[in-house]
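An overview of the molecular structure
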Number of protein chains: 2
Amino acid sequence: MNRILTIGREFGSGGRTIAHLCSEELGIPVYDNELLVKIADESGLATAYIAEKGENTSLSGLIARGLSRQGAYSQPTAEDHLWAMQRKVILDLAEKQPCILVGRCADYILRGKADCLRAFIYADMAWRAKRIVEVYGESAEAPEKRLRDKDKRRAAFYACHTDMVWGAPHNYHLCLDSGALGLEQCRDILCGCYRHNG
Amino acid sequence: MNRILTIGREFGSGGRTIAHLCSEELGIPVYDNELLVKIADESGLATAYIAEKGENTSLSGLIARGLSRQGAYSQPTAEDHLWAMQRKVILDLAEKQPCILVGRCADYILRGKADCLRAFIYADMAWRAKRIVEVYGESAEAPEKRLRDKDKRRAAFYACHTDMVWGAPHNYHLCLDSGALGLEQCRDILCGCYRHNG
């Protein structure tokens, strides 16, 4: 039996919805927006800042971090501070109780734990574009561009903090195409694996 | 309900064994070595040649193909001939009856079919190294090198014929870590999806 389920996901893939479906089915809490609040409490940073910077990075962020690693700047950046807080909150939560963690490199942070099932949810561009317009109410103009930007920034954040490739199968125990399989089937597979393994 | 299940797999991941477990469970044939015999019948090529060249490519093969595409050589290579035969046999089989196809870019060849479930099986290096020594009787000396070589050649073959990245989640409906999940659980997930979708 696993204790923790981490769900990485492409923007618009429904990974967050699947996490909530699993939470209902397994009777354990899911930390997604709730995670923001906890990180805000720990760090004193604003939730809007955490939402934006806690799993997305920009080109300027990447460059600043690259320079910082080479010792060009000796001070840790605000993003380094956020990362440290986020890591602490995730480790504490995983220690305290069985739960589901969405995004924020939780898979990487908890990679050494034997009782943690790590999943990644993705779907093709057309399916996700339709979904972000219909479900999230995003602008119907160029949703593909929005998806590409968002994926790119999540991938850059992941690469920056983990030195691994976001969405590469070897980082996860299973990767599911939510567009092809459907959200409910993804829930059933994840809950089956969560209960089976460990 | 799907009709076809394609299983791409890393060397030593147990993808072939999972295919046979699914075949028993679903009561449909699996084409793996049997595919070699059919391709040999169609092409007049030796099965040993097909086994080696039908999903692996070498650096020289890649260069020859690159040059051929640029028109430096006008004649199709022996590998082009094999690819055409292999493609035909896979399309014919998929047309004729529900079945399971292992490797050989079947996922790519059948990507337009709505009733085809496409899976990829992988596992970490240490698990696969142990398995190829214990199950395949491979030499216990440097099995990791053998795995890397074999993966690299399958990836090159896939890239060469499909212009896509072997093992990248978006090419498949689901990707499963057989080392973490176990072969039987992979079978159960695949059979569940095969019966559910379509």
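What you are looking at is a predicted structure, and each value in this text was computed from that prediction instead of being measured. What you see as residue numbers is a count from 1 along each chain, following the sequence as written. In the order they appear in the text, chains get letters beginning with A and ligands get numbers beginning with 1. Owing to the predicted nature of the model, reporting of local features is limited to residues with pLDDT of at least 70; listing and counting of side-chain atom pairs is limited to 80 or more, with chain, interface and lining totals taken over all residues. In computing side-chain values, all of the structure's heavy atoms are included and hydrogens and water are not.

1. Comments concerning the environment of Gly179(B)
Selection rule: Helix and strand labels come from DSSP, where a helix needs a run of H or I of at least four residues and a strand needs a run of E of at least two; each type is numbered from the N terminus. Whether two residues are in contact is decided by their heavy atoms, any of which lying within 4.5 Å being enough.
Within the secondary structure, Gly179(B) sits in helix α9 (residues 178-181). When near neighbours in sequence (up to four residues on either side) are disregarded, Gly179(B) contacts Tyr122(B), Ala123(B) and Trp127(B).

2. Thoughts on the packing of aromatic side chains
Residue and element names in this part refer to chain A. The test is simple: What counts as a ring pair is set by centres within 6.5 Å for rings of Phe, Tyr and Trp (its six-membered ring), and what kind of pair is set by the plane angle: stacked under 30 degrees, edge-to-face over 60, tilted for all other angles. The classification of residues rests on relative accessible area computed with a 1.4 Å probe and restricted to protein chains. Under 20% of the type maximum is buried, over 50% is exposed, and intermediate values are partly exposed. We call a charge positioned over a ring when the NZ of a Lys or the CZ of an Arg lies within 6 Å of the ring centre and within 35 degrees of the ring normal.
Tallied over the full model, the rule gives eight aromatic pairs over all chains. Here the aromatic rings of phenylalanine 120 and tryptophan 166 are separated by 5.4 Å at their centres, their planes lie at 90°, and the arrangement is edge-to-face. In this pair, phenylalanine 120 is assigned in strand β4 (residues 116-122) and tryptophan 166 in the loop between α8 (143-162) and β5 (174-177), connecting sequence segments 46 residues apart. As far as the burial class goes, phenylalanine 120 and tryptophan 166 line up, both buried. Clustering of aromatic rings is evident, with ring pairs tying together Phe120, Trp166 and Tyr172. In this structure, lysine 150 packs its charged tip against the face of phenylalanine 11, placed 5.3 Å from the ring centre.

3. Concerning the side chain of Asn2(A)
Test applied: Polar contact criterion, stated in full: a pair of N or O atoms within 3.5 Å, where within protein one must be able to donate a hydrogen and the other to accept it, and residues adjacent in sequence count only if both atoms are side-chain atoms.
Following the sequence through the fold, Asn2(A) ends up in the segment before β1 (4-9). Reaching out from Asn2(A), the side chain makes a polar contact with the backbone oxygen of Cys193(A) at a distance of 3.3 Å.

4. A word on the interface of chain B and chain A
Defined as follows: Buried area is calculated as the accessible area (1.4 Å probe) missing from two parts once they are joined, with the contributions of both summed. In the sections that follow, a salt bridge refers to a side-chain nitrogen of Lys or Arg positioned within 4 Å of a carboxyl oxygen of Asp or Glu. We treat two strands as partners when DSSP finds at least two bridges between them.
Taken together, the contacts link 22 residues of chain B with 22 residues of chain A. For the pair chain B and chain A, the two sides together bury roughly 1,700 Å², of which 57% comes from carbon and sulfur. Remark: the boundary between chain B and chain A carries zero salt bridges. Taken together, the elements giving at least two residues each to the side of chain B that touches chain A come down to β4 (116-122), β5 (174-177), α9 and α10 (183-196) of chain B. For β5(A) and β5(B), the ladder comprises three bridges, and the chain directions are antiparallel. Across the sheet, residue Cys175(A) finds its bridge partner in β5(B), namely Cys175(B).

5. A closer look at the side chain of Gln86(A)
Considering the arrangement of structural elements, one finds Gln86(A) in helix α5 (residues 78-96). Within polar-contact distance, the side chain of Gln86(A) engages the side chain of Arg104(A) at 3.3 Å.

6. Describing α8(A)
Along an α-helix, a turn takes 3.6 residues, which lines up residues three or four apart on a common side. Residues and elements named next belong to chain A. Rule in force here: In this analysis, the expected span of each helix is defined as 1.5 Å times one less than the number of residues it contains.
Under the 1.5 Å per step criterion, the end-to-end length of α8 is 28 Å for 20 residues, consistent within 8% with the ideal 28 Å. Listing the buried residues of α8 in full gives Pro143, Leu147, Lys150, Asp151, Arg154, Ala156, Phe157, Tyr158, Cys160, His161 and Thr162. Looking one or two residues beyond α8, the residue adopting positive phi is aspartate 163, at roughly 60°.

7. Some details on the pairing of strand β3 (residues 99-102) of chain B
All names here are of chain B. Side chains of β3 alternate between two faces, with Cys99 and Leu101 and Ile100 and Val102 buried alike. As defined by bridge partners, strand β1 (residues 4-9) adjoins β3 across four bridges and the pair is classed as parallel. The residue bridging isoleucine 7 from the neighbouring strand is valine 102, located in β3. Pairing of strand β2 (residues 30-31) with β3 involves two bridges; the strand directions are parallel. For valine 30, the partnering residue across the bridge sits in β3 and is isoleucine 100.

Honestly, that's just the spatial picture; any functional story needs more than this.
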